Amino acid sequence: MCGIVGYIGNSKASEVLLKGLSYLEYRGYDSSGVALMAKNKIEIFKAPGKLNNLRDVLSSVQDICNKSTCGIGHIRWATHGLPTELNAHPHTCNCGSLVVVHNGIIENYKELKAELEKCGCEFKSQTDSEVAAHLIAHEFSKCKDLLKAMTSAVKKINGAYAFCAMHRTLPDRIIVARKNAPLIIGVGEGENFIASDIPAIIEYTKKAIYLNDNQVAEVKKDSIKITDLNGKILENKVEMLPFEPVALSKMGYKHYMLKEIHEQSDVARNVLSGKLKDSKSQITLQDVKLSENEIKNIKRIQIIACGTSLHAGLVGKYILEKFAKIPTDVEASSEYIYRDTIADNNTLVIGISQSGETADTITAIKQVKEKGSHVVIITNRPDSTMARLADSLLPVNAGIEVSVAATKSYMAQLLSLYLLTMFITQKINPETIKDKEIISLKQELLELPNKIETVTNDTEKIKAVAKKYSSFKDFIFIARGINYPTSLEGALKLKEISYINATGYSAGELKHGPIAMLDETMPVLAILNKGLVYDKVMSNCEEAKARQAKLIGVSNFIDKKHKDLFDDVLLIPDISDTLSPALNIVVLQLLAYYIAEYLGKDVDQPRNLAKSVTVE
Ligand code: M6R
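For the structure given in this document, a descriptive report is provided here.

Rules used throughout
Residues numbered from 1 in each chain as written. Predicted model: local features only at pLDDT ≥ 70, side-chain atom pairs only at ≥ 80, totals over all residues. Heavy atoms only, no water. Near = heavy atom within 4 Å. Polar contact = N/O pair within 3.5 Å; in protein donor to acceptor, adjacent residues only side chain to side chain. Areas by Shrake-Rupley, 256 points an atom, 1.4 Å probe, with all protein chains shown as cover. Phe/Tyr/Trp six-rings, centres within 6.5 Å; stacked < 30°, edge-to-face > 60°. Helix = DSSP H or I, 4+ residues; strand = E, 2+ residues; numbered from the N terminus. Buried < 20%, exposed > 50% of the residue type's maximum accessible area, 1.4 Å probe, protein only. Lys NZ or Arg CZ within 6 Å of the ring centre and 35° of its normal. Lys, Arg positive; Asp, Glu negative; His and termini not counted. Salt bridge = Lys/Arg side-chain N within 4 Å of Asp/Glu carboxyl O. Contact = heavy atoms within 4.5 Å. Pairing = 2+ DSSP bridges. Axes fitted to C-alpha atoms, helices over the stretch in contact; angles between N-to-C directions. Parallel < 35°, antiparallel > 145°, perpendicular 65-115°, else oblique. Left-handed = near helix turned anticlockwise from the far one by under 90°. Nonpolar A, V, L, I, M, F, W, Y, C, P; charged D, E, K, R; others polar. Core = buried A, V, L, I, M, F, W, Y, C linked by side-chain atoms within 4.5 Å.

Examining the site of the ligand
Turning to step 1, where the next piece is worked out: Around the ligand there are 14 residues in total, and Ser309, Ser353, Ser355, Thr358 and Glu496 lie nearest to it.
Turning to step 2, where the next piece is worked out: Between the ligand and valine 404, the relevant distance is 3.5 Å, taken from a nitrogen atom to a main-chain nitrogen or oxygen of the residue.
Turning to step 3, where the next piece is worked out: Contact between the ligand and glutamate 496: a nitrogen atom at 2.5 Å from a side-chain N or O atom of the residue.
Turning to step 4, where the next piece is worked out: In isolation the ligand exposes 410 Å². Once the protein is present, 91% of that is buried.

Right under this line is the structure:
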């Protein structure tokens, strides 16, 4: 959460910072600000709301922007204090000589604030971050060395941080520090850059230094000095960034989310390419570094993830237990990290994350690595912190996902889990290559991209259903078995972008409580795949109908019983129960999208959310 950019060189800092921040909007977008080094002073400009508001502010101070070649910028996702101009970063010390931007959470900010107030510091905002400005300035007053001041300050801070600071009296440098929040230093010719993420600087340089936890750095236009917290000089290697400059375009779609939903057929082709050749061949996963022996020794699997990635993990549990026959638990990372979890070197841990930067999941992964578990990371960002922690990496190659609501990355995660499951299964028992169900699953996977296209090419019925139900305030999505996670994910999509109260529920559990809420004001969406649980879900739908709920079905076949029971049925191409989550979800994504669109919501940047959640 929150994005940081810094620049020092010979170009106009404001332009580099604004462009950089525009590529970091996915990290938060409730306010933004920059500090520009000017002659003998630092000028600060801030604006609440989207980045365009800051752009307008800066366009009215062109004389300052034209002269400044050093500055820091920030885009905020509020943790402490409302998204106001006052709470926007950069923050300053009393006299305004020192400015700082911060990403993360200072957990002991109240204690630090109380001490600093005793020393005369006056706080203007409600943020935890302002503490850092006063604290670094306080340390600077003792040593007059900004690198040392930052080092002393971070030693007193508990929590997570990426900091970027400047001091009026030292216009030739920016000081940075990092712990549990991403920060890279882009290396240029006579200029250097700082950013929370690669897209912010890739247009200017392809070389970067990844700052590690508990490191601080002094960045000048011609030099970069990195030290540990004891002042020891370190040599971090300069790496080539694995990115091309991204031309972000909606390609004629009204929103990135719609474009990304439509890209899913190609994403599916990409994920399978090179890994699944045909229905009778073995699965190839080059970067999974588990030997046959190690796989045979796996006693349990734990899948750790958050949000949409967690829902992909829940599907993973079904298939891993069905095919690999290994007991599999799936848990939200935030719940996993603060209890006595049992993991050892016979536990395979699968971390799933679109961004690879989700703080809860990173903490969980670090914990299990200490216990000796092999960690496989499934991510869309092979350059991320999580990927760097992985023992085995499964990059999903979904391409950059701009819309905050995850869609194509979910598809890529799901399909990667199918591949990983079959990979593990074939290692445990090579004979399964002849298993009819596995052959048929592989064949279906190869046919899946075309089936996704069938759904995305004909959205008229989905649009009509979206329009019909867009005025409802509550929804319940039900399913059983392997599609239960689909109901959770469908409901999450609807909540995230339309703010409608939508709940995913196991259909069988409806009668144990939630049925009390059902009446004509709460539509029930049921996933009705031909298969083991079909009749059971139909009975649960009858129970809902008896309470006058409106019923929407999503089904892969026509059953004459549907006509009497359902108000609307959305048909998908025929598909096995086992692979159906990958097709049902496309319908639910489109339904959520069109409902939000009818309601005129900000689909790509829904309120209160951020694409990369780097705080616990
Ligand atoms: O980057 P991650 O996959 O680790 O992110 C996890 C969640 O924050 C994310 O899936 C979130 O739920 C999305 N907004 C879902 O659309």
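So much for the structure itself; the text now carries on.
Here we look at the packing of aromatic side chains
Turning to step 1, where the next piece is worked out: According to the stated counting rule, one finds eight aromatic pairs in the structure shown.
Turning to step 2, where the next piece is worked out: With 5.2 Å between their ring centres and 15° between their planes, phenylalanine 193 and tyrosine 204 make a pair best called stacked. Of this pair, phenylalanine 193 sits in strand 10 (residues 192–195) while tyrosine 204 sits in the loop between strand 10 and strand 11 (207–210); the two residues are 11 residues apart in sequence, bridging distant segments of the chain.
Turning to step 3, where the next piece is worked out: Judged by relative accessible area, phenylalanine 193 falls into the buried class, the value being 0%.
Turning to step 4, where the next piece is worked out: Of the aromatic side chains, those joined through ring pairs into one cluster are Tyr469, Phe472, Phe475 and Phe477.
Turning to step 5, where the next piece is worked out: Over the ring of tyrosine 29 we find lysine 50, and its NZ or CZ is 5.5 Å from the ring centre.
Turning to step 6, where the next piece is worked out: The residue whose ring lies beneath arginine 388 is tyrosine 210, and the NZ or CZ to ring-centre distance is 3.5 Å.

A word on the side chain of glutamate 444
Turning to step 1, where the next piece is worked out: By the element assignment, glutamate 444 lies in helix 15 (residues 436–457).
Turning to step 2, where the next piece is worked out: One buried charged residue, glutamate 444, remains without a salt bridge, the closest side chain of opposite sign being lysine 451 at 4.1 Å.
Turning to step 3, where the next piece is worked out: Apart from the residues lying within four places of it in its own chain, the contact partners of glutamate 444 are Lys451, Ile575, Ser576 and Leu579.

Considering the pairing of strand 11
Turning to step 1, where the next piece is worked out: Pairing between strand 9 (residues 184–187) and strand 11: three bridges, direction antiparallel. Within strand 11, the residue paired with isoleucine 184 across the bridge is tyrosine 210.
Turning to step 2, where the next piece is worked out: Two strands pair when backbone bridges link them, and strand 11 and strand 15 (residues 238–240) are joined in this way by three bridges, in the antiparallel orientation. Each bridged residue has a counterpart across the sheet, and for alanine 208 the counterpart in strand 15 is glutamate 239.

Side note on the pairing of strand 20 (residues 392–395)
Turning to step 1, where the next piece is worked out: The two faces of strand 20 match: Ser392 and Leu394 on one face and Leu393 and Pro395 on the other face are all buried.
Turning to step 2, where the next piece is worked out: By the bridge criterion, four bridges tie strand 19 (residues 374–379) to strand 20 in an arrangement that is parallel. Note on strand 20: the bridge partner recorded for isoleucine 378 is leucine 394.

Some remarks on the sheet that holds strand 17 (residues 328–332)
Turning to step 1, where the next piece is worked out: The strand order across the open sheet formed by five strands is 17-16-18-19-20, and the pairing between neighbours is parallel. Pairing within the sheet leaves two strands with one partner each, and these edge strands are strand 17 and strand 20. Pairwise comparison of adjacent strand axes, ignoring direction, gives a mean angle of 20° for this sheet.
Turning to step 2, where the next piece is worked out: Pairing analysis gives five bridges linking strand 16 (residues 300–305) to strand 17, with the strands arranged parallel. Paired with isoleucine 303 across the two strands is valine 330, which belongs to strand 17.
Turning to step 3, where the next piece is worked out: In the packing of helix 10 (residues 307–324) onto the sheet, the strands contacted are strand 16, strand 17 and strand 18 (347–353), and the crossing angle to strand 17 comes to about 175°.
Turning to step 4, where the next piece is worked out: Lying on the sheet, helix 12 (residues 359–370) is in contact with strand 16, strand 18 and strand 19; it crosses strand 16 at an angle near 150°.

As for the packing of helix 5 (residues 130–143) against helix 6 (residues 146–156)
Turning to step 1, where the next piece is worked out: Between helix 5 and helix 6, the shortest axis-to-axis distance is 8 Å and the interhelical angle comes to 130°. By the angle between their directions, the pair helix 5 and helix 6 is classed as oblique. As for how helix 5 packs across helix 6, the hand of that crossing is right-handed. Along its contact with helix 5, which presents Leu135, Ile136, Glu139, Phe140, Lys142 and Cys143, the element helix 6 presents Leu146, Lys148, Ala149, Met150, Ser152, Ala153 and Lys156.
Turning to step 2, where the next piece is worked out: Per-class residue counts for the contact of helix 5 with helix 6 are eight nonpolar, one polar and four charged.

Observations regarding the nonpolar core
Turning to step 1, where the next piece is worked out: Within the largest apolar cluster, 88 residues are counted, with the highest numbers of intra-cluster contacts made by Ile350, Leu415, Tyr418, Leu420, Leu445 and Phe475.
Turning to step 2, where the next piece is worked out: Tallying contributions element by element places helix 20 (residues 581–598) first for this core, with 13 residues.
Turning to step 3, where the next piece is worked out: Leaving out residues up to four positions away in the same chain, tyrosine 418 has contacts with Val315, Ile319, Leu441, Leu445, Ile482, Thr578, Leu579 and Pro581.

Regarding the packing of helix 8 (residues 264–272) against helix 14 (residues 408–428)
The angle between the axes and the distance between the axes are what describe a pair of packed helices.
Turning to step 1, where the next piece is worked out: At a minimum axis separation of 9 Å, helix 8 and helix 14 run at an interaxial angle of 30°. With respect to their mutual orientation, helix 8 and helix 14 come out roughly parallel. The chirality of how helix 8 crosses helix 14 is right-handed. Of helix 14, the residues touching helix 8 (which contributes Gln264, Val267, Ala268, Val271 and Leu272) are Lys408, Met411, Ala412, Leu415, Ser416 and Leu419.
Turning to step 2, where the next piece is worked out: Classifying every residue of the contact of helix 8 with helix 14 gives eight nonpolar, two polar and one charged.

Regarding the sheet that holds strand 13 (residues 224–228)
Turning to step 1, where the next piece is worked out: On the basis of which strands lie adjacent, the open sheet formed by seven strands has the order 5-6-7-8-12-13-14 and antiparallel pairing. Strand pairing shows two members of the sheet lacking a second neighbour, strand 5 (91–92) and strand 14 (233–234), which therefore form its edges.
Turning to step 2, where the next piece is worked out: Sheet topology note: the strand 13/strand 14 ladder contains two bridges and is antiparallel. Of the residues in strand 14, the one forming a bridge with isoleucine 226 is leucine 234.

Structural notes on the environment of glycine 71
Turning to step 1, where the next piece is worked out: Secondary-structure assignment places glycine 71 in strand 4 (residues 70–76).
Turning to step 2, where the next piece is worked out: Separated by 538 residues in the primary sequence, glycine 71 and leucine 609 have C-alpha atoms spaced 27 Å apart.
Turning to step 3, where the next piece is worked out: Leaving out residues up to four positions away in the same chain, glycine 71 has contacts with Val5, Gly6, Tyr7, Ala13, Leu17, Ala35, Leu36, Met166 and Ile174.

Details of the side chain of threonine 385
Turning to step 1, where the next piece is worked out: You can see threonine 385 is positioned in helix 13 (residues 385–389).
Turning to step 2, where the next piece is worked out: Given a relative accessible area of 14%, threonine 385 falls into the buried group.
Turning to step 3, where the next piece is worked out: Looking at threonine 385, its side chain comes within polar contact range of the side chain of glutamate 357, at 2.6 Å.

Notes on the environment of valine 315
Turning to step 1, where the next piece is worked out: Here valine 315 shows up in helix 10.
Turning to step 2, where the next piece is worked out: Here valine 315 falls in the buried class, since its relative accessible area comes to 1%.
Turning to step 3, where the next piece is worked out: Sequence spacing of valine 315 and tyrosine 418 is 103 residues, and the spatial spacing of their C-alpha atoms is 9.1 Å.
Turning to step 4, where the next piece is worked out: In this view, valine 315 contacts Tyr410, Leu414, Tyr418, Ile482, Pro485 and Pro581; residues no more than four positions away in its chain are not counted.

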